[in-house]
Amino acid sequence: MTGQIYLPPSLRGFEPKRMVFSTWVDHLPFAYDLVETIRPKLVVELGAYNGLSFFAFCQSMLENNIDGVAYAVDCWEGDKHTDAYDDSIYKDVQNHAREHYRGFTYLLKMFFNEALQHFDDDSIDLLHIDGLHTYDAVKEDFTNWYPKVKPGGIILFHDVMAKIKDFGVWKYFEELEGQHDEVFKFYHGFGLGAIRKPGGDREPNQLLDIMFSKDEEDQNDLRKFYTHASHFLEAKRQVKRFKPKETEGKQGGQGKS
Ligand SMILES: C[S@@+](CC[C@H](N)C(=O)[O-])C[C@H]1O[C@@H](n2cnc3c(N)ncnc32)[C@H](O)[C@@H]1O
């Protein structure tokens, strides 16, 4: 164990601007910190749905003055795991992007395979794969998009711990763990996996150094840290929801009305 103290930017008061229902909620502080630390020029998300993960990446880019662009690719029709949904989801995502992240976010309303032609090989700094979660689908997404990732770029996979229905990301990610040198996995929530594509220059970087170290104790500390960070964010959100309004409790002595 290196015993280094890790104090990421999400600790300095990250307040997600987008809060919608999604199992991605457990990974928001990590998403924010990862973007801050790798300072991506190009982010691509495969599977944005109502935008929880995508807008966490975007918020970090904006608040940390990162000069890059972010693309969300989705047919915005749903799949067999989300079920089909109507166009109101896309419209809501579009409005949120326009209101908060105009000028550097792009929504590609199409199938992943159609979007491939819009990206050069070795160009993506951060790729997030979160489409259909069957083994075959995630394998196809990774195989098609891996060449588009820059050497040294990061690929994230959601749901690497979800062993439900016909989800197979966990199985495919286990195979990738055997094939890649720089691999890391969060176990909390539905799990989030990360792979660093070999190559590229890597400056010393506290977060990546811990994630891709071979030191299990450091890695477990990082897992604990982000499990607590996501619980803390959720607790803060609950407190806000139930906080009495300014005027409440101010009439009468001792807060009694
Ligand atoms: C699990 S959801 C994404 C969740 C999202 N990242 C979040 O933060 O909550 C998966 C999305 O991928 C989309 N999708 C699945 N397969 C697709 C494909 N081949 N092409 C385009 N979109 C696809 C679905 O429409 C759905 O909106």
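The paragraphs below set out a description of the structure included in this document. (Residues numbered from 1 in each chain as written. Predicted model: local features only at pLDDT ≥ 70, side-chain atom pairs only at ≥ 80, totals over all residues. Heavy atoms only, no water.)

1. Details of the overall build of the protein
So, step 1. Within the protein one finds eight helices and seven strands.
So, step 2. The principal-axis extent of the C-alpha atoms belonging to the protein is close to 65 × 50 × 40 Å.
So, step 3. Burial status across the protein gives 49% buried among its 257 residues.
So, step 4. Considering only contacts within the protein whose residues lie at least 6 apart along the sequence, 76% involve residues at least 24 apart.
So, step 5. Counting every atom, the protein has about 13200 Å² of accessible surface; 51% of that belongs to carbon and sulfur. (Helix = DSSP H or I, 4+ residues; strand = E, 2+ residues; numbered from the N terminus. Buried < 20%, exposed > 50% of the residue type's maximum accessible area, 1.4 Å probe, protein only. Contact = heavy atoms within 4.5 Å. Areas by Shrake-Rupley, 256 points an atom, 1.4 Å probe, with all protein chains shown as cover.)

2. A closer look at the pattern of salt bridges
So, step 1. Scanning the model with the defined rule gives 16 salt bridges in all.
So, step 2. For the salt bridge of Lys-80 with Asp-166, the shortest nitrogen-to-oxygen distance reads 2.6 Å. Of this pair, Lys-80 sits in the loop between strand 2 (69-74) and helix 3 (88-101) while Asp-166 sits in the loop between strand 5 (149-158) and helix 6 (169-179), and the two are 86 residues apart along the sequence.
So, step 3. Note that Arg-202 is salt-bridged to Asp-209, the shortest N-O span being 2.6 Å. (Salt bridge = Lys/Arg side-chain N within 4 Å of Asp/Glu carboxyl O.)

3. Topic: the site of the ligand
So, step 1. The environment of the ligand is made up of 22 residues, and the closest members are Ser-22, Ser-53, Asp-74, Tyr-85 and Asp-130.
So, step 2. A distance of 2.9 Å separates an oxygen atom of the ligand from a polar atom in the side chain of Ser-53.
So, step 3. Backbone polar atom of Gly-78 to an oxygen atom of the ligand: 3.1 Å apart, as the coordinates give it.
So, step 4. Alone, the ligand offers 600 Å² of accessible surface; in the complex the protein occludes 89% of this.
So, step 5. Considered class by class, the residues forming the shell around the ligand number 10 nonpolar, eight polar and four charged. (Near = heavy atom within 4 Å. Polar contact = N/O pair within 3.5 Å; in protein donor to acceptor, adjacent residues only side chain to side chain. Nonpolar A, V, L, I, M, F, W, Y, C, P; charged D, E, K, R; others polar.)

4. Considering the layout of surface pockets
So, step 1. Approximately 840 Å³ is the volume attributed to the largest pocket.
So, step 2. Asp-79, Thr-82, Asp-130, Gly-131 and His-133 are the residues nearest the centre of the largest pocket, which is lined by 36 residues in total.
So, step 3. At the level of secondary structure, the elements contributing two or more residues to the lining of the largest pocket comprise helix 2 (52-63), helix 4 (112-115) and helix 5 (135-145).
So, step 4. With three residues, the top contributor of residues to the lining of the largest pocket is helix 5.
So, step 5. Partitioning the lining of the largest pocket into residue classes produces 15 nonpolar, 13 polar and eight charged.
So, step 6. Around the second largest pocket sit 18 residues that line it, and Ile-38, Asp-125, Gly-152, Asp-201 and Leu-208 are the ones nearest its centre.
So, step 7. Contributions of two or more residues to the lining of the second largest pocket are made by helix 1 (28-38) and strand 5.
So, step 8. Broken down by element, the residue count for the lining of the second largest pocket peaks at five residues, all from strand 5.
So, step 9. Class assignment of the residues belonging to the lining of the second largest pocket gives a composition of six nonpolar, five polar and seven charged. (1 Å grid on protein atoms, 1.4 Å probe; cavity = no way out; pocket = protein on both sides within 12 Å on 5 of 7 lines; lining within 4 Å. Points joined across faces, edges and corners; volume = space filled by probe spheres on them.)

5. Some thoughts on the packing of aromatic side chains
So, step 1. For the coordinates displayed, the defined rule picks out 22 aromatic pairs.
So, step 2. A centroid spacing of 5.7 Å and a plane angle of 20° characterise the contact between Phe-55 and Tyr-101, whose relative ring orientation is stacked. Of the two residues, Phe-55 sits in helix 2 while Tyr-101 sits in helix 3, which places them 46 residues apart along the sequence.
So, step 3. Between the aromatic rings of Tyr-135 and Tyr-172, the centroid separation amounts to 5.7 Å while the plane-to-plane angle is 90°, which identifies the pairing as edge-to-face. Of the two residues, Tyr-135 is situated in helix 5 and Tyr-172 in helix 6; the sequence distance between them amounts to 37 residues.
So, step 4. Take Tyr-172: its relative accessible area is 6%, and that puts it in the buried class.
So, step 5. Clustering of aromatic rings is evident, with ring pairs tying together Tyr-6, Phe-30, Phe-184, Phe-186, Phe-225 and Tyr-226.
So, step 6. The cationic tip of Lys-171 hangs over the ring face of Tyr-135; the distance from NZ or CZ to the ring centre is 4.9 Å. (Phe/Tyr/Trp six-rings, centres within 6.5 Å; stacked < 30°, edge-to-face > 60°. Lys NZ or Arg CZ within 6 Å of the ring centre and 35° of its normal.)

6. Looking at the sheet that holds strand 5
Through backbone hydrogen bonds, the strands of a sheet pair up, either in parallel or in antiparallel fashion.
So, step 1. Reading across the sheet, the seven strands line up as 3-2-1-4-5-7-6 and stay open at both edges, with mixed pairing between neighbours. A strand with exactly one partner marks an edge of an open sheet, and here the two such strands are strand 3 (105-109) and strand 6 (183-186). Put simply, the sheet's adjacent strands are angled 15° from each other on average, direction ignored.
So, step 2. In this sheet, strand 7 (residues 192-196) lies alongside strand 5 in antiparallel orientation, the contact comprising five bridges. What sits directly across from Phe-157, in strand 7, is Gly-193. (Pairing = 2+ DSSP bridges. Axes fitted to C-alpha atoms, helices over the stretch in contact; angles between N-to-C directions.)

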